[in-house]
Amino acid sequence: DMVRKIGGKAIYKEMDVALCKTVSIRKKFEYLKGAVGFQIGAANVYKMWPIDRFIDLAGKIIRNEPGQKIVITGIKNEYNLAEKIVKAHGKDSIINMCGKCSMGELPFLVNQFKVLVTNDTGTLHLAIALKVPTISLFSPTSSKGIGPYQDNDIHTVIQKQGGFIQK
(Lines give C-alpha, C1' and ligand atoms only; values in the text may rest on other atoms or scores of the structure.)
Protein backbone atom coordinates (compact mmCIF):
# COMPACT_ATOMS: atom_id res chain seq x y z
CA ASP A 1 0.00 0.00 0.00
CA MET A 2 2.87 2.40 0.75
CA VAL A 3 4.36 1.68 -2.68
CA ARG A 4 1.08 2.66 -4.36
CA LYS A 5 1.08 6.00 -2.50
CA ILE A 6 4.45 6.95 -3.96
CA GLY A 7 3.47 5.95 -7.49
CA GLY A 8 4.61 2.33 -7.64
CA LYS A 9 3.00 0.33 -10.43
CA ALA A 10 4.16 -3.25 -9.74
CA ILE A 11 3.00 -4.53 -6.38
CA TYR A 12 4.34 -7.89 -5.24
CA LYS A 13 2.94 -9.65 -2.21
CA GLU A 14 5.83 -12.12 -1.99
CA MET A 15 8.81 -11.54 0.27
CA ASP A 16 12.02 -13.52 0.24
CA VAL A 17 13.99 -14.32 3.37
CA ALA A 18 17.37 -15.99 3.21
CA LEU A 19 17.72 -18.81 5.69
CA CYS A 20 21.11 -19.47 7.17
CA LYS A 21 22.33 -22.76 5.76
CA THR A 22 25.20 -23.42 8.16
CA VAL A 23 25.18 -26.79 9.84
CA SER A 24 25.61 -25.28 13.31
CA ILE A 25 22.52 -23.07 12.94
CA ARG A 26 20.46 -25.94 11.51
CA LYS A 27 21.44 -28.24 14.37
CA LYS A 28 20.70 -25.55 16.94
CA PHE A 29 17.02 -25.40 16.00
CA GLU A 30 16.04 -28.53 14.06
CA TYR A 31 14.81 -30.29 17.22
CA LEU A 32 12.06 -27.65 17.38
CA LYS A 33 10.47 -28.66 14.06
CA GLY A 34 6.68 -28.70 14.47
CA ALA A 35 6.67 -26.53 17.61
CA VAL A 36 4.07 -23.85 18.26
CA GLY A 37 5.71 -20.43 18.49
CA PHE A 38 4.60 -17.68 20.84
CA GLN A 39 5.89 -14.13 20.27
CA ILE A 40 4.77 -12.64 23.58
CA GLY A 41 6.39 -9.21 23.42
CA ALA A 42 5.95 -6.17 21.21
CA ALA A 43 7.60 -2.79 20.77
CA ASN A 44 4.88 -1.21 22.91
CA VAL A 45 3.14 -2.69 25.95
CA TYR A 46 -0.27 -1.64 24.64
CA LYS A 47 0.24 -3.98 21.65
CA MET A 48 0.87 -7.00 23.89
CA TRP A 49 -1.75 -9.65 24.56
CA PRO A 50 -1.85 -10.16 28.37
CA ILE A 51 0.57 -12.83 29.57
CA ASP A 52 -2.23 -14.60 31.46
CA ARG A 53 -3.91 -15.25 28.10
CA PHE A 54 -0.71 -16.79 26.70
CA ILE A 55 -0.51 -18.95 29.84
CA ASP A 56 -4.12 -20.10 29.33
CA LEU A 57 -3.55 -20.79 25.62
CA ALA A 58 -0.40 -22.79 26.39
CA GLY A 59 -2.41 -24.90 28.84
CA LYS A 60 -5.10 -25.62 26.27
CA ILE A 61 -2.52 -26.60 23.65
CA ILE A 62 -0.70 -28.90 26.07
CA ARG A 63 -3.94 -30.57 27.20
CA ASN A 64 -5.24 -31.04 23.65
CA GLU A 65 -1.91 -32.08 22.11
CA PRO A 66 0.18 -33.96 24.69
CA GLY A 67 3.87 -33.71 23.88
CA GLN A 68 3.46 -30.51 21.84
CA LYS A 69 6.39 -28.13 22.35
CA ILE A 70 5.79 -24.40 22.64
CA VAL A 71 8.70 -22.08 21.90
CA ILE A 72 8.62 -18.51 23.17
CA THR A 73 10.51 -15.98 21.08
CA GLY A 74 11.48 -12.49 22.08
CA ILE A 75 14.25 -10.22 23.22
CA LYS A 76 16.34 -10.61 26.37
CA ASN A 77 14.14 -8.11 28.25
CA GLU A 78 11.14 -10.43 27.73
CA TYR A 79 12.86 -13.48 29.26
CA ASN A 80 11.26 -13.05 32.72
CA LEU A 81 7.83 -12.56 31.16
CA ALA A 82 8.25 -15.82 29.25
CA GLU A 83 9.34 -17.56 32.45
CA LYS A 84 5.80 -17.02 33.78
CA ILE A 85 4.57 -19.41 31.07
CA VAL A 86 7.39 -21.87 31.81
CA LYS A 87 6.56 -21.74 35.54
CA ALA A 88 2.88 -22.42 34.82
CA HIS A 89 3.45 -25.40 32.51
CA GLY A 90 7.01 -26.68 32.98
CA LYS A 91 10.20 -26.92 30.95
CA ASP A 92 9.12 -30.20 29.33
CA SER A 93 6.53 -28.36 27.22
CA ILE A 94 7.72 -24.74 27.14
CA ILE A 95 11.06 -23.57 25.74
CA ASN A 96 12.01 -19.98 26.53
CA MET A 97 14.17 -18.66 23.67
CA CYS A 98 13.89 -14.99 24.65
CA GLY A 99 17.31 -13.41 24.23
CA LYS A 100 18.86 -16.71 23.08
CA CYS A 101 18.51 -16.22 19.35
CA SER A 102 20.31 -13.67 17.18
CA MET A 103 18.59 -11.72 14.41
CA GLY A 104 20.46 -13.89 11.91
CA GLU A 105 19.17 -17.06 13.58
CA LEU A 106 15.56 -15.92 14.02
CA PRO A 107 14.40 -16.81 10.48
CA PHE A 108 15.61 -20.39 10.91
CA LEU A 109 13.93 -20.67 14.33
CA VAL A 110 10.59 -19.27 13.05
CA ASN A 111 10.77 -21.60 10.06
CA GLN A 112 10.57 -24.57 12.46
CA PHE A 113 7.11 -23.57 13.74
CA LYS A 114 3.91 -25.18 12.57
CA VAL A 115 2.19 -21.94 13.66
CA LEU A 116 3.20 -18.67 15.31
CA VAL A 117 0.85 -16.91 17.75
CA THR A 118 2.05 -13.33 17.82
CA ASN A 119 1.36 -9.77 18.73
CA ASP A 120 1.84 -7.03 16.11
CA THR A 121 5.61 -7.49 15.70
CA GLY A 122 8.41 -7.84 13.22
CA THR A 123 8.43 -11.57 13.94
CA LEU A 124 4.90 -11.71 12.52
CA HIS A 125 6.13 -10.27 9.23
CA LEU A 126 9.09 -12.64 9.19
CA ALA A 127 6.72 -15.60 9.58
CA ILE A 128 4.56 -14.26 6.76
CA ALA A 129 7.62 -14.02 4.49
CA LEU A 130 8.58 -17.60 5.42
CA LYS A 131 5.01 -18.81 4.79
CA VAL A 132 4.71 -20.04 8.37
CA PRO A 133 1.04 -19.98 9.44
CA THR A 134 0.24 -17.25 11.96
CA ILE A 135 -2.41 -16.19 14.41
CA SER A 136 -1.83 -12.47 14.84
CA LEU A 137 -3.29 -10.43 17.67
CA PHE A 138 -3.99 -6.78 16.94
CA SER A 139 -5.07 -4.01 19.31
CA PRO A 140 -5.11 -1.01 19.10
CA THR A 141 -3.26 -0.93 15.77
CA SER A 142 -5.20 -1.88 12.67
CA SER A 143 -4.48 -5.20 11.03
CA LYS A 144 -5.92 -3.83 7.79
CA GLY A 145 -2.92 -1.57 7.24
CA ILE A 146 -0.07 -3.58 8.73
CA GLY A 147 -1.32 -7.14 9.12
CA PRO A 148 -0.95 -10.07 6.77
CA TYR A 149 -2.71 -9.48 3.48
CA GLN A 150 -1.26 -12.32 1.46
CA ASP A 151 -1.77 -16.06 1.91
CA ASN A 152 -4.99 -15.48 3.84
CA ASP A 153 -5.58 -19.21 3.89
CA ILE A 154 -2.70 -19.70 6.37
CA HIS A 155 -2.90 -16.46 8.40
CA THR A 156 -5.60 -15.73 10.96
CA VAL A 157 -6.03 -12.20 12.28
CA ILE A 158 -7.77 -11.42 15.56
CA GLN A 159 -8.55 -7.70 15.76
CA LYS A 160 -9.73 -6.17 19.05
CA GLN A 161 -10.89 -2.59 19.28
CA GLY A 162 -9.32 -0.47 21.98
CA GLY A 163 -6.21 -1.80 23.69
CA PHE A 164 -5.06 -4.85 25.53
CA ILE A 165 -5.10 -4.39 29.29
CA GLN A 166 -1.95 -5.61 31.04
CA LYS A 167 -2.21 -6.89 34.60
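Caption draft 1: Main features of the overall build of the protein. Scanning the protein from N- to C-terminus turns up seven helices and six strands. Helices (α) and strands (β) of the protein occur, in sequence order from the N terminus, as α-α-β-α-β-α-β-α-β-α-β-α-β. The buried share among the 167 residues of the protein stands at 43%. For the protein, contacts bridging at least 24 residues in sequence account for 59% of all contacts bridging at least 6. Accessible surface computed for the protein: about 9600 Å², of which carbon and sulfur atoms make up 56%.

Caption draft 2: Structural detail: unusual backbone geometry. A positive phi angle is found at lysine 131, which is not glycine, with a value near 65°. Tracing the chain through its elements places lysine 131 in the loop between helix H6 (122-130) and strand S5 (134-138). A relative accessible area of 41% means that lysine 131 is categorised as partly exposed.

Caption draft 3: Structural view of the packing of aromatic side chains. Under the defined criterion, the tally for this structure stands at three aromatic pairs. On the basis of an interplanar angle of 40° and a centroid distance of 6.4 Å, the ring pair of phenylalanine 29 and phenylalanine 108 is categorised as tilted. Placement of phenylalanine 29 in helix H2 (residues 23-29) and of phenylalanine 108 in helix H5 (residues 106-110) is noted, with a sequence separation of 79 residues between them. Grouping residues by exposure puts phenylalanine 29 and phenylalanine 108 together as buried. Among the aromatic residues, ring-to-ring pairing joins Phe38, Trp49 and Phe54 into one connected group.

Caption draft 4: Examining the nonpolar core more closely. If you look at the biggest cluster of nonpolar residues, it comprises 20 residues, and the most contacted ones within it are Phe38, Ile40, Phe54, Ile70, Ile72, Ile85 and Ile94. When residues of this core are traced back to their parent elements, those giving at least two are strand S1 (36-39), helix H3 (51-64), strand S2 (70-73), helix H4 (79-89) and strand S4 (115-119). A per-element tally of this core places H3 first, with six residues. Counting residues in each nonpolar core, the second largest holds 16 residues, with Val71, Met97, Leu106 and Val110 among its members.

Caption draft 5: Region of the structure containing the pattern of salt bridges. In the structure shown here, the tally under the stated rule is two salt bridges. The residue glutamate 65 makes a salt bridge to lysine 114 at a minimum N-O spacing of 2.8 Å. Taken as a pair, glutamate 65 in the loop between H3 and S2 and lysine 114 in the loop between H5 and S4 lie far apart in primary sequence, 49 residues in all. The partly exposed category is assigned to lysine 114, whose relative accessible area is 37%.

Caption draft 6: The pairing of S5, seen in detail. With respect to burial, S5 is a largely interior element, four of its five residues being buried. The parallel pair S4 and S5 is bridged by H6, and the resulting crossover is right-handed.

Caption draft 7: The arrangement of the environment of glycine 34 in detail. Tracing the chain through its elements places glycine 34 in the loop between H2 and S1. We classify glycine 34 as partly exposed; its relative accessible area is 28%. Counting along the chain gives 81 residues from glycine 34 to valine 115, while the straight-line C-alpha distance between them is 8.2 Å. Aside from chain neighbours lying at most four places away, what touches glycine 34 is Gln68, Gln112 and Lys114.

Caption draft 8: Representation of H4 in the model. All of the buried residues in H4 are Ala82, Ile85 and Val86. One side of H4 carries all its buried residues, which in axial view fall inside an arc of 100°. More than 90 degrees from the buried face of H4, the exposed residues found are Asn80 and Lys87. Where H4 is buried, its residues contact S1, H3, S2 and strand S3 (94-96). Phi turns positive one or two residues past the end of H4, at glycine 90, with a value near 95°.

Definitions and cut-offs
Residues numbered from 1 in each chain as written. Predicted model: local features only at pLDDT ≥ 70, side-chain atom pairs only at ≥ 80, totals over all residues. Heavy atoms only, no water. Helix = DSSP H or I, 4+ residues; strand = E, 2+ residues; numbered from the N terminus. Buried < 20%, exposed > 50% of the residue type's maximum accessible area, 1.4 Å probe, protein only. Contact = heavy atoms within 4.5 Å. Areas by Shrake-Rupley, 256 points an atom, 1.4 Å probe, with all protein chains shown as cover. Phe/Tyr/Trp six-rings, centres within 6.5 Å; stacked < 30°, edge-to-face > 60°. Core = buried A, V, L, I, M, F, W, Y, C linked by side-chain atoms within 4.5 Å. Salt bridge = Lys/Arg side-chain N within 4 Å of Asp/Glu carboxyl O. Right-handed = clockwise from strand over helix to strand, strands pointing away. Arc of directions from axis to C-beta.

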